[in-house]
Amino acid sequence: MLEVFVFATLNGLVTGLLLFMLASGLTLIFSMMGVLNFAHASFYMLGAYFAYSISLKTGFWAGLILAPLLVGVLGAMVERYGLRRVHQSGHVAELVFTFGLAFLIDEAVQFFWGADTKNYRSPEILDFPLFTMFGQEFPAYRGFMIGISVLIFIGLYYVLTRSRVGIIIQAAITHPNTVANLGHNVPLIFMGVFGVGTALAGLAGVIAGPVLTTFPGMALVLGSIVFVIVVIGGLGSLPGALIASLLVGLLQSYAIASDVGMPELLELLGISFDRNHPLNDLWTLSLPQIAPILPYLLLVLVLIFRPAGLLGKREE
Amino acid sequence: MINMMMLLLDLRTKTKFFSLSILLVLSSFFTATGNAQEPVRIAFMDPLTGTFASIGNTGLKQLQFAADHLFNEKGGILGGRMIEIVPFDNKQSPTETQIQFRRMVGEEIQIVFQGNSSAVANTLNSTISKHNRRNADQEVLQINYSAVDPILTEDQCSFWHFRFDSHAVMKLDVLTDFIAMNEEIKSVYVIGQDYSFGQVVSDTSIRMLNEKRPDIEIAGNEFHPIGQVKDFTPYVTKIVSSGADAVITGNFGADMVSLARSIIDAGLDVPIYTFYAAYDGITATLGADGKNKIRLVHNESANPYPTEKRKDYVRAFKAANPTYDLTQARIHNALMMVVRAMEETQSTDPYDVATALEDMRFTTLNGDEIWMRGDDHQLFQEIHVSVHTDENIEFDADNSGYGLYSEYRVPAEDTIIESSCKMRRPRR
């Protein structure tokens with residue numbers, strides 16, 4: 001049992017930190033522009049595909065550096081030439097714009113790379129088990145994923161709270177006009193934040209591509225869960241996004257690892273049902289079976305009991 | 001303002017005149033070539049965009065190639081008529097399938113090839129039954145080349161539906177025989193997508209293993225939501241700690257690749273028995289890591305191909321479509337049998353074709369005889385269990401050097417199983 005617990009925790013950490021990389025960019029963009037970027041997961045997919053193409057030419061490590069930069073530049077351009085124009089028409093227009101962008105990117109990916117699964121590999125230098133415990137290997141690449149994500153969090157936190165740029169960004173979030181009056185170029189800051197946010201999503205794609213497979217549906221699989229995390233953590237809160245990501249990652253991982261479900265619960269309560277009961281499917285439901293929808297359940301609970309999210313500030 | 005109106009009016013009459021002249025030119029063109037007979041039109045309805053697009057597009061390429069290479073380039077069928085394949089994109093959605101079906105009927109196409117997802121095949125089956133009852137002069141024939149839910153040739157069987165793939169229970173019978181022969185396997189873990197086909201795979205494989213090898217322990221029986229799992233590692237952790245010596249799964253697409261990758265990454269060295277772990281990028285992605293671990297139960301299309309005729313067909317296909325693979329021999333088998341039925345009856349009427357298809361025995365490019373049973377419209381053909389490897393691979397998949405090598409072959413006559421079908425036949 002201990003082995004399952006240890007590995008479930010590690011798996012949860014890997015997933016959680018990966019989700020954080022996506023959620024951090026999304027929540028930053030939201031707190032700054034008040035817009036939920038529906039195309040965020042599509043930038044994650046772009047990161048994976050760019051890195052795949054680069055890795056064919058020059059290997060994994062060049063892709064790790066170049067692909068997020070490319071995605072970031074693309075994101076900044078989307079903000080500069082798309083979102084900024086739409087901005088004048090209000091939030092709904094911005095929302096619809098990013099929604100359409102998501103479709104556009106998905107179709108473009110299929111157009112350029114085709115619809116089949118891509119053979120995007122992790123670097124050979126990390127092709128060894130980091131450690132073996134209870135007869136199960138923990139791949140070094142997963143350790144690398146954890147390392148990168150933690151570094152990103154520390155870096156982001158440091159820049160936002162300790163550096164001059166961070167102070168200006170924070171000020172621009174709450175008092176954009178004052179910051180502009182002080183002589184700072186607020187639109188440039190917005191563009192930069194959007195670029196960095198999408199670059200983070202791209203980086204997540206680069207390191208997730210080899211393990212979670214690179215295929216045209218990858219944005220769809222991750223897209224909705226990232227929104228859930230941002231809402232659970234509290235819109236605009238970076239620490240909230242971290243806590244929510246880890247919570248969701250670990251919750252899913254533990255649920256899958258567990259072996260309990262309705263039959264055990266009913267047995268505990270001393271109730272039994274006939275196999276031909278019309279709701280038989282419900283009475284035989286097990287926790288692993290519903291693991292992937294647990295985050296949505298958590299979302300509903302959070303919205304009921306803490307509508308602003310775990311660390312979010314309620315808007316007056 | 002008035003000037004503008006005049007200008008617009010002028011433009012409109014001009015465009016009208018222009019389109020009229022185009023029409024005239026076109027119609028004269030058609031009358032000029034009108035002596036050539038009109039083509040036999042066949043619909044291909046599968047996902048051509050969206051998440052499952054790759055499977056649909058590969059199928060379309062194969063049907064198109066079969067029509068051109070086997071018939072059109074040799075002067076057509078029925079004394080000089082060409083076969084025209086008309087694609088319809090149903091996005092693998094039952095709702096979209098009904099819309100596309102209406103379109104197809106509107107274009108007066110009476111034969112439809114469809115294969116992906118049993119849910120879609122079921123929808124099409126019931127839509128066609130209803131449509132044919134009401135439109136006796138405009139019937140439609142369903143050629144199912146790949147949907148393997150047994151129900152389509154059992155309780156839901158229809159005169160207007162023919163299945164050219166072996167259904168899930170037939171394949172599992174072969175697969176469990178193969179597993180039962182391996183004395184080293186003492187426990188098995190079954191994991192699959194939580195929907196009709198995944199459930200059939202789980203229930204049937206457990207039942208059959210219990211009969212054939214009561215000593216094999218079922219170490220786990222897991223379902224996960226289809227297309228929702230980001231990372232299979234937590235599932236693999238459970239498989240490892242259960243101590244299973246083998247894994248059975250009916251997963252397809254990304255769910256298949258991710259599962260196999262996670263198993264390999266965790267260093268778990270057990271055979272993985274699958275239905276769909278090859279082609280469309282999957283073989284290339286698994287590459288060396290999957291060698292001798294991944295096995296598939298499937299109809300013919302594995303090395304070594306038995307006849308030169310069959311090899312030439314693959315070579316010709318690869319020459320015409322270098323980035324695609326010939327993944328489903330049943331597509332050209334189905335087309336060849338349909339054409340044979342048309343030639344025999346000298347008719348393209350679905351009723352005549354269906355009647356001629358019943359109990360047809362047909363020799364494939366492989367030199368095997370396959371049989372379409374008249375009672376339930378289920379085709380019987382050889383079934384293979386093949387391994388993912390790069391040894392003795394004459395024809396690889398995804399141009400990766402890796403491909404399927406057949407380890408176990410069951411001839412058509414040994415795959416025959418009973419059916420509960422009670423078919424209602426239309427009266428003529």
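For the structure given in this document, a descriptive report is provided here. (Residues numbered from 1 in each chain as written. Chains lettered and ligands numbered in written order. Predicted model: local features only at pLDDT ≥ 70, side-chain atom pairs only at ≥ 80, totals over all residues.)

## Structural notes on the pairing of strand β12 (residues 369-372) of chain B
Residue and element names in this part refer to chain B.
So, point 1. Here β12 shows a clear split, with Ile370 and Met372 buried on one side and none of Glu369 and Trp371 buried on the other.
So, point 2. Bridge analysis of strand β11 (residues 361-363) against β12 gives 3 bridges, and the strand direction is antiparallel. The partner of Arg361 across the bridge, within β12, is Trp371.
So, point 3. In textbook terms, the turn of a hairpin is the stretch between consecutive antiparallel strands, and for β11 and β12 this stretch comprises 5 residues, one of which, Gly367, has a positive phi near 85 degrees.
So, point 4. Sheet topology places β12 next to strand β13 (residues 379-380); 2 bridges connect them, and they run antiparallel. For Met372, the partnering residue across the bridge sits in β13 and is Leu379.
So, point 5. The antiparallel pairing of β12 with β13 creates a hairpin that spans 6 residues between the two strands, and His377 there sits at a positive phi of about 65 degrees. (Buried ≥ 20, exposed ≤ 12 C-beta atoms within 10 Å, placed from the backbone. Helix = DSSP H or I, 4+ residues; strand = E, 2+ residues; numbered from the N terminus. Pairing = 2+ DSSP bridges.)

## Here's the deal with the sheet that holds strand β6 (residues 187-193) of chain B
Residues and elements named next belong to chain B.
So, point 1. If you walk across this open sheet you meet the 7 strands as β7-β6-β8-β9-β10-β14-β15, and the pairing is mixed. The two strands at the open ends of the sheet, each matched to only one other strand, are β7 (217-224) and β15 (403-410). When strand polarity is set aside, the average angle formed by the axes of neighbouring strands in this sheet is 25 degrees.
So, point 2. Relative to β15, strand β14 (residues 383-389) runs antiparallel, the two sharing 7 bridges. Within β15, the residue paired with His388 across the bridge is Leu404. (Axes fitted to C-alpha atoms, helices over the stretch in contact; angles between N-to-C directions.)

## As for helix α8 (residues 186-212) of chain A
All names here are of chain A.
So, point 1. Relative to the 39 Å expected for 27 residues at 1.5 Å per residue, α8 spans 37 Å between its end C-alpha atoms, a close match to the ideal helical length.
So, point 2. Of all the bends in α8, the largest measures some 30 degrees and sits at Val206, one to four residues before the proline Pro210.
So, point 3. For α8, a buried count of 22 out of 27 residues is recorded, marking the element as mostly surrounded by other parts of the structure.
So, point 4. Looking at the residues trailing α8, positive phi occurs at Thr213, about 60 degrees. (Expected span 1.5 Å × (residues − 1). Bend = angle between axes of the 7 residues up to and from the residue.)

## Digging into the interface of chain B and chain A
So, point 1. Facing the 34 residues of chain B at the interface are 32 residues of chain A.
So, point 2. Among the elements of the structure, α2 (53-71), β7, α7 (233-242), α8 (253-265) and α9 (282-286) of chain B are those that each provide at least two residues to the side of chain B that touches chain A.
So, point 3. For the side of chain B that touches chain A, the element with the most residues is α7(B), which contributes 7 residues. (Contact = placed C-beta atoms within 7 Å.)

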